Amino acid sequence: MREVRCLLTLLLSAPCAAGFAAVDRADMTVALHRYYDAEALPLPYLIFSSLLALLVAALLAKRSNRFWKGFAAALATISAVVGVSSFAYLLQVDDTHATAAAMLAHDPVRYQQIEAEHLADMLQGFSTVMATDIACAAIGAAMLAYGAITAKRFLKGVGAGLLLCGLGMVALENHHRYRALDYLDVVRAFRPQLPSLPSIDRGVRRPSQTI
């Protein structure tokens, strides 16, 4: 397992073929802060949105229509999961950011290795979460269809809620995944031994603005 991780790290640290010129420490620092700032920025909004969705679910659950009761059950479940996971990530993202920045400043070679491993783990996590979200949406679609055929409104509501929430989570996770891939491109192209000169002086393409 250790050998596989070392091989993966070497591959991730290889020169990037996606069009990035070699990146010096100044550009790497910009990309690092841009990435982690973008990671932290939406978390309070996600937590607030989850709380708001829980309130909406509570109001829908009081309705007599069983479709909305089922929809509320699915919405409350997914919102609780998103809210808790967002809060947990909010508690650690600033420490992760500070640790990476300090490592880049004091040991850039080690930073590149560790950050490549970190991104490899994150991308694997995104694949797992997105697969779960797709499965959730698929189950929701099946429940919605079965509920429609059998005239079970509660089941239809649960299915509709799972389908919509699952598709929304797939879109959100895919956005985060592409941002991580952009950051990985910069980490791959990072050359710690390069002198830090303004990018405009040597024509280096700046890291993607989507990070």
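Residues numbered from 1 in each chain as written. Predicted model: local features only at pLDDT ≥ 70, side-chain atom pairs only at ≥ 80, totals over all residues. Heavy atoms only, no water.

**Points about the packing of helix α2 (residues 25-40) against helix α5 (residues 108-150)**
Between α2 and α5, the least distance of the axes is 13 Å, while the angle of their chain directions is 35°. At the point where α2 passes α5, the crossing takes the left-handed sense. Residues R25, M28, L32, Y35, Y36 and E39 of α2 lie in contact with α5, whose contacting residues are P108, Y111, E115, H118, L119 and M122. Classifying every residue of the contact of α2 with α5 gives eight nonpolar, one polar and three charged. (Axes fitted to C-alpha atoms, helices over the stretch in contact; angles between N-to-C directions. Helix = DSSP H or I, 4+ residues; strand = E, 2+ residues; numbered from the N terminus. Left-handed = near helix turned anticlockwise from the far one by under 90°. Contact = heavy atoms within 4.5 Å. Nonpolar A, V, L, I, M, F, W, Y, C, P; charged D, E, K, R; others polar.)

**Points about the environment of C136**
Tracing the sequence through the fold places C136 in helix α5. For C136, a relative accessible area of 16% corresponds to the buried category. Expressed as a C-alpha distance, the spacing of C136 and L164, which sit 28 residues apart in the sequence, is 9.5 Å. For C136, the contacting residues outside a window of four places in its chain are I78, L162 and G166. (Buried < 20%, exposed > 50% of the residue type's maximum accessible area, 1.4 Å probe, protein only.)

**Details of α2**
Taking 1.5 Å per residue, 16 residues should reach 22 Å; α2 reaches 22 Å between its end C-alpha atoms and fits that length. Burial in α2 covers these residues: D27, M28, A31, L32, Y35, Y36, A38, E39 and A40. A distance of 3.1 Å separates the backbone nitrogen of A26 from a side-chain oxygen at the start of α2, and that oxygen is part of D24. (Expected span 1.5 Å × (residues − 1). Polar contact = N/O pair within 3.5 Å; in protein donor to acceptor, adjacent residues only side chain to side chain.)

**Regarding the confidence of the model for the protein**
Per-chain confidence: the protein averages 84 in pLDDT, with 82% of residues scoring 70 or above. Low pLDDT (under 50) marks residues 1-18, which in the prediction has 24 contacts with non-local residues, meaning those over four places away or in another chain. Here residues 199-211 is modelled with pLDDT under 50, and outside its nearest four sequence neighbours on either side it reaches 35 contacts, counting other chains as well. (pLDDT = per-residue confidence, 0-100.)

**So, the pattern of salt bridges**
Taken as a whole and assessed by the stated rule, the structure comprises two salt bridges. Across the pair R179 and E39 runs a salt bridge whose closest N-O atoms are separated by 2.6 Å. A residue pair is termed long-range when its members are at least 10 positions apart, and R179 in helix α6 (residues 153-189) and E39 in helix α2 qualify at 140 residues. On the basis of relative accessible area, E39 is assigned to the buried category, the value being 5%. Note that D185 is salt-bridged to R188, the shortest N-O span being 3.9 Å. Of this pair, D185 and R188 both sit in helix α6, separated by three residues, roughly a single helical turn. In this structure D185 comes out as buried when scored by relative accessible area, which is 14%. The partly exposed category is assigned to R188, whose relative accessible area is 25%. (Salt bridge = Lys/Arg side-chain N within 4 Å of Asp/Glu carboxyl O.)

**Overview of the packing of aromatic side chains**
The geometry of an aromatic ring pair is captured by two quantities: the separation of the ring centres and the angle between the planes. As enumerated under the stated definition, the model contains six aromatic pairs in all. Centre to centre, the rings of Y111 and F190 are 6.1 Å apart; their planes meet at 75°, and the pair counts as edge-to-face. With Y111 in helix α5 and F190 in the loop between α6 and α7 (199-202), the pair connects residues that are 79 residues apart, well separated along the chain. As far as burial versus exposure is concerned, Y111 and F190 are alike and both buried. Of the aromatic side chains, those joined through ring pairs into one cluster are Y35, Y36 and Y183. In this structure, R177 packs its charged tip against the face of Y178, placed 5.4 Å from the ring centre. (Phe/Tyr/Trp six-rings, centres within 6.5 Å; stacked < 30°, edge-to-face > 60°. Lys NZ or Arg CZ within 6 Å of the ring centre and 35° of its normal.)

**A short note on a nonpolar patch on the surface**
Among the surface-exposed residues, F48, L52, L55, V56 and L59 lie close enough to one another that they form a single nonpolar patch of about 480 Å² accessible area. With respect to the element layout, V56 can be found in helix α3 (residues 43-61). (Patch = residues over 30% accessible without salt bridge, like charges linked within 9 Å, V, L, I, M, F, W, Y side chains within 5 Å. Areas by Shrake-Rupley, 256 points an atom, 1.4 Å probe, with all protein chains shown as cover.)

**Digging into α5**
Between its first and last C-alpha atoms α5 spans 62 Å; for 43 residues at 1.5 Å apiece the expected length is 63 Å, and the two agree. Looking one or two residues beyond α5, the residue adopting positive phi is A151, at roughly 60°.

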